[in-house]
Amino acid sequence: MAQFKLLNYRADTGAAHAAILAGDDRVIDLVHALPGEAWAASTLAVLGAWDTARPRLAALAALPDAPSRPLQSVQLMAPLLYPPAIYCTGANYQAHANEMSAEGAGVDKATTQPYLFLKSGPHCVIGPNAAIRLPRISQKVDWEGEFAVVIGRRARNVRAADAMQYVAGYTIMNDVSLRDLSRRPDWPRWNIDWFGHKNFETGAPMGPWIVPAEQIPDPAACRLQLWVNAERMQDTLVSGLIFDIAELIEYLSRRMTLLPGDVIATGTPSGVGRPRGIFLKPGDRVRIEISGIGTLENPVEQGE
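Bear in mind the structure is a predicted one, so any value in this text is a computation, not a measurement. The numbers attached to residues start from 1 for each chain and follow its sequence in the written order. The predicted origin of the model limits local features to residues at a pLDDT of at least 70 and limits the giving and counting of side-chain atom pairs to 80 or more, whereas totals for whole chains, interfaces and linings rest on all residues. Side-chain numbers here rest on the full set of heavy atoms in the structure, without hydrogens or water.

This part takes up the sheet that holds strand S16 (residues 231-237). Strand pairing is assigned whenever DSSP detects at least two bridges linking the two strands. Put simply, DSSP marks the helices as runs of H or I at least four residues long and the strands as runs of E at least two long, and each gets a number from the N terminus on. Read from one edge of the open sheet, 5 strands run S9-S19-S18-S15-S16, paired in mixed fashion. In this open sheet, the two strands that pair with only one neighbour each are strand S9 (132-134) and S16. Taken pair by pair, the neighbouring strands of this sheet meet at an average axis angle of 15°, ignoring direction. Inspection of the sheet shows strand S15 (residues 223-228) paired to S16 by 6 bridges, in the antiparallel sense. Axes here mean lines fitted to C-alpha atoms, for a helix over just the part in contact, with angles spanning 0 to 180 degrees between N-to-C directions.

Per-residue accessibility, obtained with a 1.4 Å probe over protein chains only, is compared with the maximum for each type, and a residue is labelled buried under 20%, exposed over 50%, and partly exposed between these values. For S15, the buried fraction is high: 5 of the 6 residues fall into the buried class. Where S15 hands over to S16, the hairpin turn is made up of 2 residues, of which Asn229 adopts a positive phi near 60°. With 5 bridges joining them, S15 and strand S18 (residues 285-290) adopt antiparallel strand pairing. Residue Leu226 lies in a different strand from S18, and its bridge partner there is Ile288.

Just to be clear on terms, a salt bridge is a Lys or Arg side-chain nitrogen sitting within 4 Å of an Asp or Glu carboxyl oxygen. One pass over the structure, following the stated rule, counts 19 salt bridges. Note that Arg54 and Glu214 form a salt bridge whose closest N and O atoms lie 3.4 Å from each other. Within this pair, whereas Arg54 is found in helix H3 (residues 50-61), its partner Glu214 is found in the loop between strand S14 (204-212) and S15, the two being separated by 160 residues in sequence. Of the charged contacts in the structure, one is a salt bridge between Arg184 and Asp186, with a shortest N-O distance of 2.8 Å. With a relative accessible area of 34%, Arg184 lands in the partly exposed category. The network of salt bridges with common partners includes Lys119, Asp142, Glu144, Asp175, Arg179 and Lys198.

Residue position: Thr43 is located in helix H2 (residues 43-48). Should any heavy atoms of two residues lie within 4.5 Å, those residues are considered in contact. Beyond its immediate sequence surroundings of up to four residues, Thr43 is in contact with Leu6, Leu7, Asn8, Ala18, Pro79 and Leu80.

With that settled, consider the environment of Ile290. Its place among the elements puts Ile290 in strand S18. Remark: the alpha-carbon pair of Ile290 and Pro185, spanning 105 residues in sequence, is separated by 38 Å. What Ile290 contacts, discounting residues up to four positions off in sequence, is Glu146, Phe147, Ile172, Cys222, Arg223 and Leu224.

Printed below as a string of structure tokens:
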């Protein structure tokens, strides 16, 4: 089966068009190439029909005469503009748990379950080369490069042993965080304000595409690196996760039905800015590379 990557690009009208990248340079528009297929209308619809769509897309990628355009001629958008949910995992690498804890305490997996929170997709998601706009309410905006999982089947009460059957593919996400808004002095009874420091416009860069799961048979072997400008800030293997992908799916699916297009950001490794007192500023560029997936790069601008 030919390999492909699922993506969105901006059409001349400004609308998002679902497409695949075949090889290194052939972007094939799905509506044009597959007329009459309702699931070709959007990447979310493709994921909703993943078992049917995946072999059709692989066959399309294998056609040398399928109408296409060069990758460099299109403006990529986030591969999912409106994911049903973005589940973000906190403190899921030991070194990051240590660097973010005043006590330097890690996570004891024997006595701990995964720690998750939500980001609002329609408000936070942006694509490759779109600007991270620093909100004026925060002076300490931090980066968090993450390996992200995209669900391809409805999943409820799934055992970890079966969980990978529900994964459509993988992408990159930056869980941008407002560190100075993580606590609320006006609500001293509560510990961390997850909504306040994780949800803001442009706070979830995602992309550049979704790589089908079978093309990355061992996600743990992927290497995640993040640069701010020319300085490499994060560098780890995904094998360093405390709770792996299957365990996260099991935990989440015990509480609610995971839907096609749901994104699980698996957590960030050590190397974020807060422990060093370094934060994003206008003019910076953040680049995240994950082996087997690609590169997600975003400039930083001052926002409102």
